[in-house]
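Each chain, letter by letter, is given below.
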Amino acid sequence: MSGHTPQRVLVTGGTGFVGHHLVERLRERGDEVTVFDVTAPGGAPRPGVRTVEGDLRDTAALERAGRGVDVVYHLAAVVGVDQYLSRPLDVIDINFSGTRNVLDIAARAGAKVVLASTSEVFGKNPAVPWREDGDRVLGPTTSDRWSYASSKALAEHLTFAFARQHGLDARIVRYFNVYGPRQRPAYVVSRSVHRALNGRPLVVYDGGRQTRCFTYVDDAVTGTIRAADEPAAAGEVFNIGSMVETDMGTVVGLVAGLTGRTAVVHVDTAAALGQSYEDLGRRVPDNTKAGKVLDWRPETSLRDGLARTIEWARASDWWLALPDSGAE
């Protein structure tokens, strides 16, 4: 990047889906990157990338990883429907307590923090599109469905509290249905591509009427870095998501058309997942603020993003061999 001064950067969750792409982009612009994650990255070592293995609750390991850094991108979290239905305690503990530990480390290092949050914090607020200051509308605490949304909202509260009480330079980005190469096959796009290329029928839940706004991972990474680089972003939160609303049935149909796989099975989530799960009819961001402050807008159409994802997946045998995570 022209005029960019290289920085020492810590990326928690840097071996994960978005984290991997973020690390690659940071290295391309010359930053010195440390990755902190529970598992080491697969494949050959990445030049200029140091890896520290550890759980976010391991403060000693986290301290080693964060020593002397200028910027912390906090992406590590327990995420995914399958996770918050099977591991609700870990979701809450890691996403909340782990974030507190990251903020402590960053404050002591005098580092800037970018917290990766989620559209899930809005819950089921019916007043779409959601602005950053939109209300949170959640279901009952007896439903594990809301553990992830609550844990990430608490992580946001912690981040703003550190900013206000300790002067921490912090910014928050909320991702909306990010997809692309390397994503675990547990989400509508990744799972549909995974099943199609493995010769299995695609799955449509509850008639495919639910709508989402899909954001290609390269666009999400651009928004994340701009949130870190822009001085006016300090103390602010940004929706990082496309405003193009697409129903799930259409998404599955696009994957089917691009892969030549037409077999589809229909699943009733209430029967498959029980009452601990509650789906959302619509999830639409208002990304006006990101456009004004960060000069950010998604540039990749859903069709183009799906085509790139499928092309990558066809050449990635290791990913195709991963287990399929989802109900059917």
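Residues numbered from 1 in each chain as written. Predicted model: local features only at pLDDT ≥ 70, side-chain atom pairs only at ≥ 80, totals over all residues. Heavy atoms only, no water.

1. Side note on the environment of P140
Here is step 1: Topologically, P140 is positioned in the loop between strand 5 (112–118) and helix 5 (147–166).
Here is step 2: The partly exposed category is assigned to P140, whose relative accessible area is 45%.
Here is step 3: Put simply, P140 and R191 are 51 residues apart on the chain and 28 Å apart in space, counted from C-alpha to C-alpha. (Helix = DSSP H or I, 4+ residues; strand = E, 2+ residues; numbered from the N terminus. Buried < 20%, exposed > 50% of the residue type's maximum accessible area, 1.4 Å probe, protein only.)

2. Some words on the pairing of strand 11 (residues 237–240)
Here is step 1: The side-chain alternation of strand 11 yields two buried faces, one formed by V237 and N239 and the other by F238 and I240.
Here is step 2: Bridging between strand 6 (residues 170–175) and strand 11 involves four bridges; their strand directions are parallel. Within strand 11, the residue paired with V173 across the bridge is F238. (Pairing = 2+ DSSP bridges.)

3. Considering the sheet that holds strand 1 (residues 8–12)
Here is step 1: With parallel pairing, the seven strands of this open sheet are ordered in space as 3-2-1-4-5-6-11. The two strands at the open ends of the sheet, each matched to only one other strand, are strand 3 (49–53) and strand 11. Sheet twist, expressed as the average angle between the axes of neighbouring strands with direction ignored, equals 20°.
Here is step 2: Pairing of strand 5 with strand 6, which is carried by six bridges, proceeds in the parallel orientation. Bridging across to strand 6, A116 finds its partner in V173.
Here is step 3: Strand contacts of helix 5: strand 5, strand 6 and strand 11, with the helix running at about 160° to strand 5, the strand carrying the most contacts.
Here is step 4: This element, helix 7 (residues 217–229), spans strand 4 (71–74), strand 5, strand 6 and strand 11 of the sheet and lies at about 165° to strand 6. (Axes fitted to C-alpha atoms, helices over the stretch in contact; angles between N-to-C directions. Contact = heavy atoms within 4.5 Å.)

4. Focus on the packing of helix 1 (residues 17–28) against helix 7
Here is step 1: Between helix 1 and helix 7, whose axes approach to 10 Å, the crossing angle comes to 65°. In this structure, helix 1 crosses over helix 7, and the sense of that crossing is right-handed. For the pair helix 1 and helix 7, the contacting residues are F17, V18, H21, L22, R25 and L26 in the first and V217, D218, V221, T222 and I225 in the second. (Left-handed = near helix turned anticlockwise from the far one by under 90°.)

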